[in-house]
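Spelled out, the chains give:
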Amino acid sequence: MRFFYCIYQLFIALPVTVLITIITAIEVGVGCALGDGHFWGYYPGRWWARVITRVFLLPVHVEGREHLEPNQSYVFVANHQGAFDIFLIYGFLGRNFKWMMKYQLNKIPFVGYACRKSHQIFVDKRGPSKVKATYEAARHILQTGNCSVVVFPEGARSFTGHMGAFKKGAFMLADELQLPVVPLTINGSFDVMPRMKDWHFAHWHPLSLTIHQSVYPIGQGPQNIQATMNQSYDSVMSALEPQYQGFVENPDQ
């Protein structure tokens with residue numbers, strides 16, 4: 001079956017992925033330039049992610065959407081297992097949001113263009129002024145209302161499927177704006193395409209997204225930041241598959 005799945009990817013899944021990525025990037029760029037950026041900056045990407053997940057024949061299970069309140073802005077934080085995290089969250093979270101992503105992704109053909117036009121937030125750590133601009137952009141998105149941000153607080157994909165340490169940036173932003181943090185647990189993405197096998201054929205494996213209960217601020221300042229981060233980390237860890245439970249240091253952090 002593995003052989004036939006690879007053949008299917010080569011002749012169907014990969015060509016469809018390339019084609020729909022180009023079409024979606026153009027659609028996002030034109031739509032954001034001419035119309036409602038709130039709509040065009042999210043929904044085409046959501047459909048793009050759903051199509052790619054389906055064309056790779058990957059079953060998806062989502063639980064916990066009932067924990068989200070209408071018209072509430074959130075800071076979503078998720079573990080970062082692999083490349084398919086993007087498709088899982090974009091396609092199936094069901095909330096309008098902006099990504100906080102590495103500025104290097106700006107250079108990916110078509111994808112970088114769509115991200116720039118849809119005002120995704122590039123995290124640039126090349127100097128204090130760059131860092132400040134990153135947080136000002138995120139602050140503006142969250143203060144406008146009815147839009148959230150998604151952050152991978154590990155800052156890098158796992159090499160083992162386990163979680164590394166969380167960085168404080170997302171929790172500092174939530175603390176400053178007094179917004180709830182929603183932990184997300186991703187399972188299956190590491191099994192589909194681990195980081196060590198980028199640009200290899202994907203493995204068939206179910207994907208799951210667990211949306212945990214919101215973590216609301218208990219105050220403001222360092223104590224709240226640490227408490228929110230600890231609770232979010234424990235929530236994400238609690239829903240990981242048993243073989244990926246436990247902390248493993250990520251040398252890329």
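A brief report on the enclosed structure follows.

Here is what the cut-offs are and how they apply
Residue positions are given per chain, counted from 1 along the sequence in the order it is written. Local features in this predicted model are restricted to residues whose pLDDT is 70 or higher, and side-chain atom pairs enter the listing and the counts only when it is 80 or higher, whereas totals over whole chains, interfaces and linings include all residues. Side-chain measures were taken over the full set of non-hydrogen atoms in the model, leaving aside hydrogen atoms and water. Numbering of helices and strands runs from the N terminus; a helix is a DSSP stretch of H or I covering at least four residues, while a strand is a stretch of E covering at least two. Relative accessibility thresholds used throughout: buried, under 20% of the residue-type maximum; exposed, over 50%; partly exposed, between the two (1.4 Å probe, protein chains only). N or O atoms within 3.5 Å of each other form a polar contact, as long as, within protein, one can give a hydrogen and the other can take it, and as long as residues adjacent in sequence are counted only when both atoms are side-chain atoms. Contacts are assigned to residue pairs with any non-hydrogen atoms lying within 4.5 Å of each other. We call a pair of cysteine sulfur atoms a disulfide when they lie within 2.5 Å. What makes two strands pair is DSSP finding at least two bridges between them. Here an angle of 0 to 180 degrees is reported between the N-to-C directions of two axes, which are lines fitted to C-alpha atoms, with helices fitted over the stretch in contact. Ring pairs are drawn from Phe, Tyr and Trp, using the six-membered ring of Trp, whenever the two centres fall within 6.5 Å, and their geometry is named by plane angle: stacked under 30 degrees, edge-to-face over 60, tilted for the rest. Within this scheme, the nonpolar core is defined by two criteria: the residues are buried Ala, Val, Leu, Ile, Met, Phe, Trp, Tyr or Cys, and they are joined through side-chain atoms within 4.5 Å. We define a salt bridge as a contact between a side-chain nitrogen of Lys or Arg and a carboxyl oxygen of Asp or Glu at a distance within 4 Å.

## Section: the side chain of H212
Line of reasoning, step 1. Within the secondary structure, H212 is located in the loop between strand 7 (207-211) and helix 9 (222-238).
Line of reasoning, step 2. Under the relative-accessibility criterion, H212 is labelled buried at 12%.
Line of reasoning, step 3. A polar contact is formed between the side chain of H212 and the side chain of T185, at a distance of 2.7 Å.
Line of reasoning, step 4. Discounting chain neighbours no more than four positions away, the residues touching H212 are H67, V182, P183, L184, T185, S235, V236, S238 and A239.

## Observations concerning the state of the cysteines
Line of reasoning, step 1. Inspection of the entire model under this criterion finds zero disulfides.
Line of reasoning, step 2. Of the cysteine sulfurs around C32, a residue in no disulfide, the closest is that of C115, at 11 Å.
Line of reasoning, step 3. Judged by its relative accessible area of 16%, C32 falls in the buried class.
Line of reasoning, step 4. Lacking any disulfide linkage, C147 is separated from the closest cysteine sulfur, that of C32, by 12 Å.

## Notes on the sheet that holds strand 4 (residues 121-123)
Line of reasoning, step 1. Across the sheet, which stays open at both edges, the seven strands sit in the order 1-7-6-2-5-3-4 with mixed pairing between neighbours. Either end of the sheet is taken by a strand with one partner, and the two such strands are strand 1 (60-63) and strand 4. Between one strand and the next, the sheet's axes are offset by a mean angle of 20 degrees, whatever the strand orientation.
Line of reasoning, step 2. Note that strand 3 (residues 97-102) and strand 4 share three bridges and pair parallel. Within the sheet, the bridge partner assigned to K102 lies in strand 4 and is V123.
Line of reasoning, step 3. Helix 7 (residues 169-177) contacts strand 2 (75-78), strand 3, strand 5 (148-151) and strand 6 (181-187) of the sheet and is inclined by roughly 160 degrees relative to strand 2.

## Digging into the packing of aromatic side chains
Line of reasoning, step 1. Counted by the stated rule, this structure contains 21 aromatic pairs.
Line of reasoning, step 2. Ring centres 5.1 Å apart and planes at 70 degrees place the aromatic pair F84 and F87 in the edge-to-face group.
Line of reasoning, step 3. Residue F84 is classed as buried on the basis of its relative accessible area, which comes to 3%.
Line of reasoning, step 4. Each ring, one from F166 and one from F171, has its centre 6.1 Å from the other, and the planes form 20 degrees; the classification is stacked.

## Observations regarding the nonpolar core
Line of reasoning, step 1. Core analysis: the largest hydrophobic core is formed by 37 residues, its most contacted members being F56, I89, L93 and L184.
Line of reasoning, step 2. If you list the elements that add at least two residues to this core, you get helix 1 (2-34), helix 3 (43-55), strand 2, helix 4 (85-92), strand 3, strand 6 and strand 7.
Line of reasoning, step 3. When residues in this core are grouped by element, the largest group, five residues, is from helix 4.
Line of reasoning, step 4. Excluding residues that lie within four positions of it along the chain, I89 makes contacts with A78, F97, W99, V150, F152, L184, I186 and L209.
Line of reasoning, step 5. One finds C147, V151, L177 and L179 within the second-largest nonpolar core, a separate group that totals 26 residues.

## Observations concerning the pattern of salt bridges
Pairing is possible between side chains that carry opposite charge, provided their charged atoms lie close to one another.
Line of reasoning, step 1. Per the stated rule, a full pass over the model turns up two salt bridges.
Line of reasoning, step 2. R139 is paired through a salt bridge with E176; the nearest N and O atoms lie 2.6 Å apart. Here the residue R139 occupies a position in helix 6 (residues 128-143), and E176 occupies one in helix 7, the gap between them amounting to 37 residues.
Line of reasoning, step 3. Here D252 makes a salt bridge to R195, at a shortest N to O gap of 2.6 Å. Of this pair, D252 sits in the segment after helix 9 while R195 is found in the loop between helix 8 (189-192) and strand 7, placing the two residues 57 residues apart along the sequence.
Line of reasoning, step 4. With relative accessibility at 18%, the residue R195 sits in the buried group.

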